[in-house]
Structures are given as C-alpha cells and as structure tokens.
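# Structural features, examined
This is what each chain is made of:
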Amino acid sequence: MLSKEIVMMIIGMGIVTFIPRMLPFIMFRGKELPAFLQGVLKNVPYATLGALIFPAVFYIQEDIWYGVIGAGAAFIAAFLGANVIVVVMGSIAVLSAYSLFF
Amino acid sequence: MTIDQGTRFKKGCQAGISIAIGYVPIALTFGLIAKTTGLSLGETVMMSMIVFAGASQYMSLSLLALGTGAFEIVLTTFIVNIRHFLMSASLNEKVEPDRTINRVIYSFGITDETFSVAAIQPGKLTTGFMFGLNLTAYLSWVIGSGVGFAIGAGLPQTLQQSMSIALYAMFIGLLVPSMKKSVKVVFLAALAACFNIIFTMTNFLSSGWAIVVATLLSAVLVEWVEGIKKKGQVSNVE
C-alpha cells in the first residue's frame, strides 16, 4: 500500500536532497575556481570529519562512556596504522567487551 | 565498461564495506521505526531508495509521528541536507574528467560517509571508484531498511549498542592517518570540532547548519592563516 501524500512527500524529500548533491558538479564543471577557494575546498574534508565526529560521538548512547571508549579505541587503532575496517571492527569489539562487563 | 574501470569499481566496493557495516544497524532500525510510525513496506523502501539520507529520514519519521505536514518535512529535509553542497563542491575538484551524466548519477550517492571515504583517497577519483563506493553504501542502506521493516526488529540490543560506534570509528580511521602526516589537518579537524561543539551546546544553530558553518569557518580560517604565513615568508626573502 502506498498513500499518495506520503509518496509525494518522499519524492519532494528526494528532490531537495539530490539538488545540493548534484549542483556543484554542474555549476563548477570545467571551471577553474580562484586559488583561495580551491584551497578552502581541499580543506573541507578534514574539517568536515572533525565536525562529524564531535560532539555527536558522545551521544551515541545515553552512557557517554560508550562514545569516549569507542572513539578512544578507534583513535589508538588508527594511530597504530590499522586500516579502516580493522579500526571499525576493533572499536565494536572493545565496546562489546565493555557492555559485557558494565 | 573497460577492464580498468572494472577494477576501480571493485576497489570502490571494497572501500564501501566499512560504510555498509555502519549503515546496516542504522538501516534496520530505520525500517523498524518506519513500521511503528505507520508507513508501509513499500513506502519505507521507497524512501530509502529515493532520499538515501539517514538523518533526514529519521527526522521525517519523528515529524510524521507528530503530525507535521508534508511541506514542512520536505523543507526540513532540505535544510538538513544542504551540507552536501559543500561536500560535492569539494569532490568536484578531485574527480577525473568525465561526462556530466556520470557525475550527476554518482552525485546521488554522496552522503557524509561516502564523501569522507572518497575525499581521503589519494590522487584523482575515478568514475568507477565512485560508482562502486556509492552503490555498496546505497544497497546496504536500502536492503537494510527493507529487512528491518520485514523482520520488525533490529540487532540484539548489546550488539546494536556496540555497533553504534561504527560510523564514528570509520571517520576516526579516515582522519587519523592524515593527521599524522600534516599538522594542518590536525588544526582543520580540531577547529571544526570546537566550532561544532560550541554551536551545538549553545543551540545557536540546528545540527544541519552547525556542521556546514563549523566546516566552512575552519576551512577558511586555516587557509587564510596559511596564506598570511606564506606571504610573510615571501616578504622575508625579499
């Protein structure tokens, strides 16, 4: 069963989500942006990662220690040179152990 | 597809696996909550297929439960997802030249997570890689939503709790190697994190805007300071 109103809403949500994703590839196609702007856009990934991790990682569970311990485990694993999948699986394992004991 | 693009596609799929691990528990829960909110299986899967944006899909469910109108939900979705503009603009500088239609297709799959994985790759991004990466993430999200609805349950609670770290662990796993190589990256991430914490704690901005503004402020500030330093060095030499 599909209700017409819900379907229209979903299509609307899809359109407004797709536009910001797609627009830069058309707007800036083949254009050489000013050097400063290019520099800023190259910085964006690292800044985004900082903002995506904090403060949200502290709120993944009501118990703030989940985020602190999980992020700590991930940081140590990554710092020691583990690849991303190992970092992800490792921090899940550490939190599983944590929830087993507490 | 040439053999070359085929290999790149496979590489993209492999890079997408850590995203899929993070998406599955969230997608299962989305399917489950969609069911309790009163959506049908068709509507639930359709939303994941057409919108493909976790935070705004969750938000739409809680707004629907509150009886919010469709227009307001669409508007909220736009505001929450406007940050992808910045991510696409950044990726646009990094992708290999290709037909616009291919870029438009893979741009549909840009999320916080696919962006992060793609942006950290060394060198230019190939179309094959982008398709593999985004498709892996997309399928895990769509299938996960449907399965969550159908079985009417998420993962066992302890596993669900432990797995809620997955995407953040991935972000950390992507960020740390770059931090080790460059102090600039440390500043970029730390500054953006501080701005975002301040904006969130003070309720100064909604979370969608907070990430955009924190990212931009940090990226511009660091670039500006670096520019001043370089100029200083040049005039010292002169």
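Residues numbered from 1 in each chain as written. Chains lettered and ligands numbered in written order. Predicted model: local features only at pLDDT ≥ 70, side-chain atom pairs only at ≥ 80, totals over all residues.

Right, let's get into the overall build of chain A. Helix and strand counts for chain A come out as 4 helices and 0 strands. Ordered by position in the sequence, the α and β elements of chain A form the string α-α-α-α. The buried share among the 102 residues of chain A stands at 44%. (Helix = DSSP H or I, 4+ residues; strand = E, 2+ residues; numbered from the N terminus. Buried ≥ 20, exposed ≤ 12 C-beta atoms within 10 Å, placed from the backbone.)

What chain B contains, in helices and strands, is 12 helices and 0 strands. Order of helices (α) and strands (β) in chain B, N terminus to C terminus: α-α-α-α-α-α-α-α-α-α-α-α. Taking the principal axes of the C-alpha coordinates as reference, chain B spans close to 70 × 50 × 35 Å. Relative to its 238 residues, chain B shows a buried fraction of 53%. Once local pairs closer than 6 in sequence are excluded, the contacts in chain B between residues at least 24 apart make up 77%. (Contact = placed C-beta atoms within 7 Å.)

Okay, the domain arrangement of chain A next. Quoted interface sizes are often the accessible area lost when the parts come together. With domains assigned, chain A is organised as domain 1 (1-31) and domain 2 (34-101). Its C-alpha centre places domain 1 of chain A at a distance of 29 Å from the equivalent point of domain 2 of chain A. (Domains from an automatic or database assignment.)

Before going further, it helps to spend a moment on unusual backbone geometry. Between Phe54 of chain A and Pro55 of chain A the backbone carries a cis peptide bond, its omega angle lying at 0°. With respect to the helices and strands, Pro55 of chain A occurs in the loop between α2 (35-53) and α3 (64-79). Unusually for a residue other than glycine, Phe52 of chain B sits at a positive phi of about 50°. Mapped onto the elements of the fold, Phe52 of chain B is located in the loop between α2 (41-50) and α3 (54-65). Among the residues examined, Phe52 of chain B registers 24 C-beta atoms within 10 Å and is labelled buried. Phi is positive for Asn203 of chain B, close to 55°, though the residue is something other than glycine.

A separate point is the packing of α2 of chain B against helix α8 (residues 127-151) of chain B. Residue and element names in this part refer to chain B. Between α2 and α8, the least distance of the axes is 8 Å, while the angle of their chain directions is 160°. Here α2 lies roughly antiparallel to α8, going by the angle between them. Crossing of α2 against α8: the hand is right-handed. Here α2 contributes Leu41, Thr44, Val45, Ser48 and Met49 to the contact with α8, which in turn contributes Trp141, Val142, Ser145, Gly146, Phe149 and Ala150. Here the residues of the contact of α2 with α8 sort into 7 nonpolar, 4 polar and no charged. (Axes fitted to C-alpha atoms, helices over the stretch in contact; angles between N-to-C directions. Parallel < 35°, antiparallel > 145°, perpendicular 65-115°, else oblique. Left-handed = near helix turned anticlockwise from the far one by under 90°. Nonpolar A, V, L, I, M, F, W, Y, C, P; charged D, E, K, R; others polar.)

Residues and elements named next belong to chain B. Looking at chain B, pLDDT values average 92 and 96% of them are 70 or higher. Mean pLDDT values over the elements of chain B span from 85, in helix α9 (residues 157-163), up to 97, in α2. ipTM for the predicted complex: 0.93, alongside a pTM of 0.88. (pLDDT = per-residue confidence, 0-100.)

Before going further, it helps to examine the interface of chain A and chain B. Listed as interface residues are 61 residues of chain A and, on the opposing side, 76 residues of chain B. Of all the elements in the fold, those that place two or more residues in the side of chain A that touches chain B are α1 (4-27), α2, α3 and α4 (84-101) of chain A. Per-element accounting of the side of chain A that touches chain B gives the leading share, 19 residues, to α1 of chain A. Counted by class, the side of chain A that touches chain B contains 44 nonpolar, 13 polar and 4 charged residues.

Along the chain, Gly123 of chain B turns up in the loop between α7 (112-120) and α8. For the pair Gly123 of chain B and Val95 of chain B, spaced 28 residues apart in sequence, the C-alpha separation works out to 9.0 Å.

With that out of the way, let us pick up the nonpolar core. Within the largest apolar cluster, 102 residues are counted, with the highest numbers of intra-cluster contacts made by Tyr168, Phe171, Ile172, Leu188 and Ala189 of chain B. The biggest single contributor to this core is helix α1 (residues 3-37) of chain B, with 14 residues. Setting aside residues up to four positions removed in sequence, Phe171 of chain B forms contacts with Leu49, Leu52 and Ile53 of chain A together with Ser116 of chain B. (Core = buried A, V, L, I, M, F, W, Y, C linked by C-beta atoms within 7 Å.)

Residue and element names in this part refer to chain B. When its domains are assigned, chain B resolves into domain 1 (3-165) and domain 2 (182-233). Put simply, the middle of domain 1 and the middle of domain 2, counted by C-alpha atoms, are 25 Å apart. Between domain 1 and domain 2, the residue contacts involve 5 residues of the former and 6 residues of the latter. Of all the elements in the fold, those that place two or more residues in the side of domain 1 that touches domain 2 are α4 (70-81) and α5 (83-92). Of the residues in the side of domain 1 that touches domain 2, the class split is 4 nonpolar, no polar and 1 charged.

Within α2 of chain B, burial applies to Glu43, Thr44, Val45, Met46, Met47 and Ser48 of chain B. Phe52 of chain B lies just past α2 of chain B and shows a positive phi near 50°.

Glancing now at the packing of α3 of chain B against α4 of chain B. Residue and element names in this part refer to chain B. The geometry of α3 relative to α4 is characterised by a closest axis approach of 10 Å and an angle of 155° between their N-to-C directions. In terms of orientation, α3 and α4 fall into the roughly antiparallel class. As α3 runs across α4, the sense of the crossing is right-handed. Of the residues in α4, those in contact with Ala55, Ser56, Met59, Ser60 and Leu63 of α3 are Ile73, Thr76, Thr77, Val80 and Asn81.

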